[in-house]
Structure formats: structure tokens, C-alpha cells
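Descriptive analysis of the structure
If you want the building blocks of each chain, they are given just below.
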Amino acid sequence: MALTLTVDGDRWRSHLRQVADAEPGLVPVAKGNGYGFTLGRLARKTQWLGLDTLAVGTYEELPEVASRYDGDLLVLTPWRPFGAAAELDPGLARRVIHTVSRVDDLTDLLGRQPDARVVLERATSMLRHGMTARELWSTAEVVRANPKARVAGVALHLPLANGAHLSEVHRLMTEVVATELPLDTVWVSHLSAAELTALRSSYPDFTFRPRLGTDLWLGDRGALRVTATVLDVHEVERGDGFGYRHRTAPKAGHVLVVSGGTAHGIGLEAPLGEASLRGRAATLARGGLDAAGFVRSPFSIDGKQRLFAEPPHMQASMLFLPHGARVPGVGDEVDVRVRFTATSFDRIVVT
Ligand SMILES: *Cc1c(COP(=O)(O)O)cnc(C)c1O
């Protein structure tokens, strides 16, 4: 009775191992819903891979991973003098590497924890967090005034740009070198293998550490299968009513109730059919189901994406199966296409 993620364990693990072997200095990222796998499972896998650093998104996520993985913990959200960052468990402080994106925060953090380990974030064209060149330059002075501070490197968070980052990174690296900060590591995201190779040969004195989430955990989709269970099947004639909104069936078929709803992150997809008015008129003329207001669902039966009979409920969804299609039975599994980063599964089965 569940929305289930089934993982082909051997295939998934061999993919993870292959990525780790191919990416020296790899830093796995475990954040949010753990890319569908849960944070705890990703922490255990990072332990199994034997990697020295795991990145989490927020300070709030640290307890989830800290007991399942024993290496260093890089927090990607920059440190601020409030909230969970300022209330860090002293027992974890030794393992945490803070990201610092403002000069004042560096001063403040080192005032509280003089031997803090910090990665200094330089703003990129993404313009999310990070310091300007001048601000980064002035951190060197703060570091000199705090001799116990441990600078673990500079962080660059780049937009998704399919291999178009090299000139930006070269420009940023020129600044990093000019700061004369005591650092030799650059933590990066979203660089292609070719870009990383080029940077490593241009800056042989620096270690480039790629932070990887999606391409690591979700990089081999063939190892993953998402299914829902058919919970009920009702035969309907044209004109029969059903659902919370008491809609009527536009033609004969079956209403299926399947597990998976808004609580799992199952949402409405884009409406079926052509967007143009002409296309719409043509479907209306054909008496298409989308003309009846039915919307495409992420559930598919026999390889075909099926329509919601009405918007998804909290834990289940109603689908409309037109007459003629094979009707699955109660207890059968149907495939579901999901966004892994926005889905919470009832069950995760690793085979
Ligand atoms: C989420 C995140 C990543 C990993 O992103 P993916 O696209 O999932 O690989 C890397 N760096 C930072 C700062 C992030 O927030």
C-alpha cells in the first residue's frame, strides 16, 4: 500500500563506486530529502565509500548524518550568527567545516570558536551567496588576526552551465591566488570532467574538490524504480459520478485508486495535448479526455502515462483508464515518474 522506491543494490553501489573512483576529492552532497534516499542512507553510503568529507545543506541536517558517518561534515549554507549555526552541538564542532560568505561572519565565528574550520565562499555568476573579490581579499587580514583559524579552502558554487564555466573560474582563481590566504583547496560544483581536468593542470598547486549530489546518487536511473500499488478498481459507464468533486466519467472505463498523493510530492503534471488553440480545438472535436479536463498523471500503466481522474489526494490518487486498456488488479504495481528531490517514499527497498 505504498509509494515504493526499489533500488537495484549491486548496480547502484557499483555506480557510486565508479563515480568515487573517477572523481578524486569527491564530496558527496546529502541534503533535503536525501535525493529521495533519506539523509541517513546517504551518510551510510558515504561511510561505505570511505570518503573523508560529506556535505550537508544546513546545520539542521547535521544530526541526521553525524551518527552514521564519522568523517568531516561540510555545511553548504553559509554560517550566520543566529539559528542552528550559532547553536552547534560542541560535540560536533571538531568535525564541522563552516562555509563563510561574509567578512563580519568570519570575525564573529572565530570570536566564538577560534579554531573553527572554514571554507570562504566567493560569489559566482549564480549570485546566491559569497563575497566579492575585495571582501575575500580582506578575509586574509581577519585570518592573520586569528592564528588558530583553519582555512579549509575557497568555495565556488557555479550555475548549471554545461561546460561553460572555465573563463569564470579562471577569473575567480586569479583573485584567490592574489589574496595570499593560506589555502590550497577549491570546493566546486557543476563543473564537467573536462573543466576539472583543465583547472587541475592550470593550477597544480591547488586541489579541486567537486561537490556532487544529483550525478552521484541519481546518476544511474536504471538502478532505480518507483512504483505505486493499485488499491482499488471501479468500472464506470459514461456519466457515472466519482471523486471528491463528483465529476462524471466522459466515457466508459475504469477508475483506479493508486497509492501516492500530495503527501509524497505527487502533483499535477502539465495538461495533456497540444497547447495551441488549434490543437485544443482538434482534441475537443475528437472528444479527447483532456478536453474533459483530465490532466496527465505521473503514473503509467503498460508504458503509457495515465490521466488523473481528479487532482491527487493526500496519500492516494484516482486515475481514469479508458475502455479498452488492460485493467490492472488490486495489489498490482504501476510505474511512477517522480522528481526524486521532491518525493518522499513510504518504502525504500534495496535489493
Ligand atoms: C546542492 C548543492 C550541490 C550539489 O548539487 P547537485 O546538482 O545535486 O549535484 C553542490 N554545491 C552546493 C553549494 C549545493 O547547494
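To keep things clear, this report deals only with the structure shown in the data block.

What counts, and where the lines are drawn
- Residues numbered from 1 in each chain as written.
- Predicted model: local features only at pLDDT ≥ 70, side-chain atom pairs only at ≥ 80, totals over all residues.
- Heavy atoms only, no water.
- Pairing = 2+ DSSP bridges.
- Helix = DSSP H or I, 4+ residues; strand = E, 2+ residues; numbered from the N terminus.
- Axes fitted to C-alpha atoms, helices over the stretch in contact; angles between N-to-C directions.
- Contact = heavy atoms within 4.5 Å.
- Parallel < 35°, antiparallel > 145°, perpendicular 65-115°, else oblique.
- Left-handed = near helix turned anticlockwise from the far one by under 90°.
- Nonpolar A, V, L, I, M, F, W, Y, C, P; charged D, E, K, R; others polar.
- 1 Å grid on protein atoms, 1.4 Å probe; cavity = no way out; pocket = protein on both sides within 12 Å on 5 of 7 lines; lining within 4 Å.
- Points joined across faces, edges and corners; volume = space filled by probe spheres on them.
- Near = heavy atom within 4 Å.
- Polar contact = N/O pair within 3.5 Å; in protein donor to acceptor, adjacent residues only side chain to side chain.
- Areas by Shrake-Rupley, 256 points an atom, 1.4 Å probe, with all protein chains shown as cover.
- Sits in = over half its atoms within 2 Å of the grid points.
- Buried < 20%, exposed > 50% of the residue type's maximum accessible area, 1.4 Å probe, protein only.
- Arc of directions from axis to C-beta.

1. What about the sheet that holds strand E3 (residues 53–56)?
Taken together, eight strands build a closed barrel; the order of strands is E2-E3-E4-E5-E6-E7-E8-E9 and the barrel is parallel. Averaged over all adjacent pairs, the angle separating strand axes in this sheet is 30°, with direction ignored. In this structure, strand E5 (residues 96–100) lies alongside strand E6 (residues 117–122), joined through four bridges in parallel fashion. The residue bridging Val100 from the neighbouring strand is Leu120, located in E6. Sitting on the sheet, helix H9 (residues 193–202) is in contact with strand E8 (185–189) and strand E9 (207–212), with an inclination near 160° to E9.

2. Section: the packing of helix H1 (residues 9–22) against helix H2 (residues 39–49)
Interhelical geometry of H1 versus H2 gives an angle of 60° and a closest axis separation of 11 Å. Judged by the angle between their axes, H1 and H2 are oblique. The chirality of how H1 crosses H2 is right-handed. Where H1 abuts H2, its residues Trp12, Arg13, Leu16, Arg17 and Ala20 lie against Arg41, Leu42, Lys45, Trp48 and Leu49. Tallied by class, the residues present in the contact of H1 with H2 amount to six nonpolar, no polar and four charged.

3. Thoughts on empty space enclosed by the protein
With a probe scaled to a water molecule rolled over the atoms, the places where space remains empty come into view. Applying the stated criterion to the full structure yields two cavities of 30 Å³ or more. The volume enclosed by the largest cavity comes to roughly 40 Å³. In this structure, the largest cavity is lined by Glu121, Arg122, Thr124, Met126, Leu127, Arg128, His129 and His157. Its volume calculated, the second largest cavity comes out at about 30 Å³. Around the second largest cavity, the lining residues are Val188, Ser189, His190, Leu191, Leu196, Pro210, Arg211 and Leu212. Looking at the lining of the second largest cavity, the elements with two or more residues in it are E8 and E9. Broken down by element, the lining of the second largest cavity gets its largest block of residues, three residues, from E9. A breakdown of the residues in the lining of the second largest cavity according to their chemical character gives five nonpolar, two polar and one charged.

4. Notes on the site of the ligand
Looking at the ligand, the residues that line it are Val29, Lys31, Tyr35, Leu76, Arg128, His157, Ser189, His190, Arg211, Leu212, Gly213 and Thr214. His190 places a polar side-chain atom, nitrogen or oxygen, 2.7 Å from an oxygen atom of the ligand. One of the backbone N or O atoms of Gly213 is found 2.8 Å from an oxygen atom in the ligand. Relative to its unbound accessible area of 380 Å², the ligand is 89% covered by the protein chains. With respect to the pocket detection grid, the ligand is positioned in the largest pocket. Across the shell around the ligand, the residue classes tally to four nonpolar, five polar and three charged.

5. Regarding the layout of surface pockets
Here the largest pocket is characterised by a volume of approximately 710 Å³. If you trace the largest pocket, you find 33 residues lining it, with His157, Ser189, His190, Arg211 and Gly213 closest to the centre. At the level of elements, H9, E9 and helix H10 (214–217) are the ones that each hand at least two residues to the lining of the largest pocket. Partitioned by chemical class, the residues of the lining of the largest pocket number eleven nonpolar, 15 polar and seven charged.

6. Focus: the packing of helix H6 (residues 103–112) against helix H7 (residues 133–145)
Two numbers describe how H6 lies on H7: the axes approach to 9 Å, and their chain directions differ by 20°. When the axes of H6 and H7 are compared, the pair comes out roughly parallel. When the axes of H6 and H7 are compared, the crossing they make is right-handed. Contacts from Val103, Leu106, Thr107 and Leu110 in H6 reach Glu135, Ser138, Thr139, Val142 and Val143 in H7. Considering only residue class, the contact of H6 with H7 consists of five nonpolar, three polar and one charged.

7. Examining H9
Among the residues making up H9, those that are buried are Glu195, Leu196 and Leu199. Each buried residue of H9 sits inside an arc of 100° when the element is viewed along its axis, so together they form one side. Across from the buried face of H9, at angles greater than 90 degrees, the exposed residues are Ala193, Ala194, Thr197 and Ser201. For H9, the secondary structure elements touched by its buried residues are helix H8 (166–179), E8 and E9.

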